[in-house]
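# Breakdown of the fold
What follows is the residue order along each chain.
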Amino acid sequence: MSRELHFDTLVVGGGIAGLQTALDLADQNYQVAVIEKDATIGGKMIRLSKVFPTLDCASCITTPKMAASAHHENITLFTYCNLKSLDRDSPESVTATVTQKPRYVDPDKCIGCRQCEYGCPVYVPDEEQGNFNLRKAVHIPFSNAIPQIAVLDMENCSLCGKCARVCPTDAIDYFEQPEDFIIHAKTAVLATGFELTPIDQKPEYNGGKVQNLITSMEMERLLAPHGPYMRVIRPSDGKEPDSIAYVQCAGSRDKTLNVPYCSRVCCMYAIKQAMLLSGALPLADITIYYMDIRAFGKGYEQFYQNAKAMGIEFVKGKIAKIEQADNQYVSLRYEAQEDGGRVVEREHDLVVLSLGMVPGWTPQGVCQVSCDTDRFIKSSMPQIAPTVTDMEGVFVAGVAAGPKDIVDTIAEAGAAAMEASKYMTALGKQKAA
Ligand SMILES: Cc1cc2nc3c(=O)[nH]c(=O)nc-3n(C[C@H](O)[C@H](O)[C@H](O)COP(=O)(O)OP(=O)(O)OC[C@H]3O[C@@H](n4cnc5c(N)ncnc54)[C@H](O)[C@@H]3O)c2cc1C
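Residues numbered from 1 in each chain as written. Predicted model: local features only at pLDDT ≥ 70, side-chain atom pairs only at ≥ 80, totals over all residues.

### Structural notes on the domain arrangement of the protein chain
Cut-off, in case you're wondering: For the domain bounds, the source is a domain assignment made automatically or taken from a database. By the criterion used throughout, residues are in contact when their C-beta atoms, derived from the backbone, lie within 7 Å. Each residue is assigned to one class: nonpolar for Ala, Val, Leu, Ile, Met, Phe, Trp, Tyr, Cys and Pro, charged for Asp, Glu, Lys and Arg, and polar for all the others, Gly among them.
Taken domain by domain, the protein chain comprises domain 1 (3-101 + 178-193 + 360-432), domain 2 (115-166) and domain 3 (197-357). Distance between the C-alpha centres of domain 2 and domain 3: 32 Å. The partner domain 3 presents eight residues to the five residues of domain 2 that form the contact. Its residues assigned to classes, the side of domain 2 that touches domain 3 comprises one nonpolar, four polar and no charged.

Laid out in C-alpha cells, this is it:
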C-alpha cells in the first residue's frame, strides 16, 4: 500500500521556476510539495557561471532561493523522484503517483559528510562538470547541492563495499528499491524546464565527433568559479585558447531539427560568455557568428553594444559546416553575408555551439495537459493568463511553457503561484457557500 500525502499545491520541477512558485505559495501559507527528478534542486540556473545582463554570480543568487525552499516550513522537497501520473479526480483534487528512485543511501541517516565519496575507488565522468573531470560512483552532486545527501550510481558501482564500511551512520543500502507514493493536492504547477537541443542531430556540425567543439552549457562550467579546471582551457590538450568562436542558432530556428522557433536566450548567453572570456583570456580573439542578434530585454541592447566595444567580433553568417582541422583546431565554413556572400573557412582553437531549448519533459502518457506544436506546454489563454493550461487547476511556469530567460521565468512563476492561489481561494468560497 503506497504512502498517501496531502498538500495544497504540487510543483513538478525544482528549477528556479518551480522554487519561486513554491516560495510564493508557501509565503501565503499554502502547503507545497516540490518533486524534482535530479538528486538536487536548482535546475539549470545553479549550473550557470554568471547571469546576463548583470553578470551576477549564478550560484550566489540561486543558492539562497534553494536554501529558502529547503528550510520553509510550508515546503516539502522530494528529490530524485519521477512523476508517474498526474490526474484530476475532482475540482478539489489532483492525484499524482510519484516514484522515489533508489539513492542506495538512506536519506534519514546520511549526514552529508562525504566519507563514502572519499572512500569510493570508482571514478566516472562528472556530468555536472560537462564530463570534463571525474567524480566518484557514490557522490553528492556538487558542493552546494540541496539536499546534501549522497547518491550511489549503481550502474558504475563495483560493489566493493568500501562506502558502506566507512559510512559513520550506516546509511548505505545496496538493496534499496524504487518506491511509489501518492500526492493529493488541490492544484499543480508544471515547471519542468528544458534540455539543450541534442548536439548530434545536425550531421553538418559533426557534434560529438569534433574535438574542442563544446556546448554552451559546457562553456558555462568552464567559466564557473568552481568549474572543472578553475580556468578556461581547450579540453583536448589543456592549451589556453587564443581564438574562440560561437555558432549562433546551432539548435534553434532550424526546421531540419524540428526546432523552428527562436530559443530567445542564446544571443544573450553567448554575449555574456564572450564578455566573461575576454576577462579571463584578455589576449584571445572571440568571434560570434550569427544570423541576427536578438537582444530583446531591458538593458540587453546596451549589453550587446558593450560587448562590441570590448572588441568581440560579430560576423553575420550562418555556419554551414563544422569539421575537425589539423592540430586540434575546429574549422568553420560559412557565407560571409556582409562581405559579398563569399564562402569563407576559418579555424578556431575552441568552438561553442549556442544550442537551443527543447522541452525538458513531455506530459504524454503522464497527464492530460496539452502541448503546442513546439512541444512546450500549451497555455489555454496565452494573451491574458499565460500560465493557465487546459487541465483544470494545473498551471505552467518557466521554460516548461516555452523558451525564456531567468527574469521572465521568475515573473511567470509568480503569476502561476497567483493563479493557483486564486483557484484555491475560489474552491474555499464554493465550499463555504
Ligand atoms: C547555456 C545557458 C546559459 C544561460 N544563461 C542565462 C543567463 O545568463 N541569464 C538568464 O536570464 N538566463 C540564462 N539562461 C536561461 C535559464 O537557464 C533559464 O531561463 C532558466 O533555467 C529556466 O528555469 P526553469 O526552472 O524554467 O527550468 P530548468 O532550469 O530547466 O528547471 C527545470 C527543473 O525541472 C526538473 N524536471 C524536469 N522534468 C521533471 C519531471 N518530470 N519531474 C520532476 N522534475 C522534473 C529538472 O530536473 C529541472 O531541475 C541560460 C540558458 C542556457 C542554456
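### Topic: the packing of helix H6 (residues 266-280) against helix H7 (residues 300-309)
Using the following cut-off: A fitted line through C-alpha atoms represents every axis, and for helices the fit uses only the stretch in contact; the resulting angles, taken between N-to-C directions, go from 0 to 180 degrees. Here a helix means four or more residues in a row that DSSP labels H or I, a strand means two or more in a row labelled E, and each is numbered from the N terminus. By the definition adopted for this analysis, an angle is roughly parallel if under 35 degrees, roughly antiparallel if over 145, roughly perpendicular if from 65 to 115, and oblique otherwise. By definition, any crossing whose near helix is turned counterclockwise from its far helix by less than a right angle is left-handed, and any crossing with a clockwise turn is right-handed.
At their nearest, the axes of H6 and H7 sit 10 Å apart, and the two run at 40° to each other. The angle between H6 and H7 falls in the class oblique. Every pair of crossing elements has a handedness; the one defined by H6 and H7 is left-handed. The residues of H7 that touch H6, namely those facing Met 268, Ile 271, Ala 274 and Met 275, are Tyr 300, Phe 303, Tyr 304 and Ala 307. Tallied by class, residues from the contact of H6 with H7 come to eight nonpolar, no polar and no charged.

### Some thoughts on the site of the ligand
What counts is decided by this rule: For each residue, a C-beta position is placed from the backbone atoms; the residue is near a molecule or strand when that point lies within 6 Å of it.
Lining the immediate surroundings of the ligand are 39 residues, of which Gly 13, Gly 15, Gly 43, Gly 193 and Gly 398 lie closest. When residues of the shell around the ligand are traced back to their parent elements, those giving at least two are helix H1 (16-26), strand E15 (194-196), helix H5 (216-223), H6 and helix H8 (406-432). Both domains that meet at the shell around the ligand, namely domain 1 (3-101 + 178-193 + 360-432) and domain 3 (197-357), each give it at least three residues.

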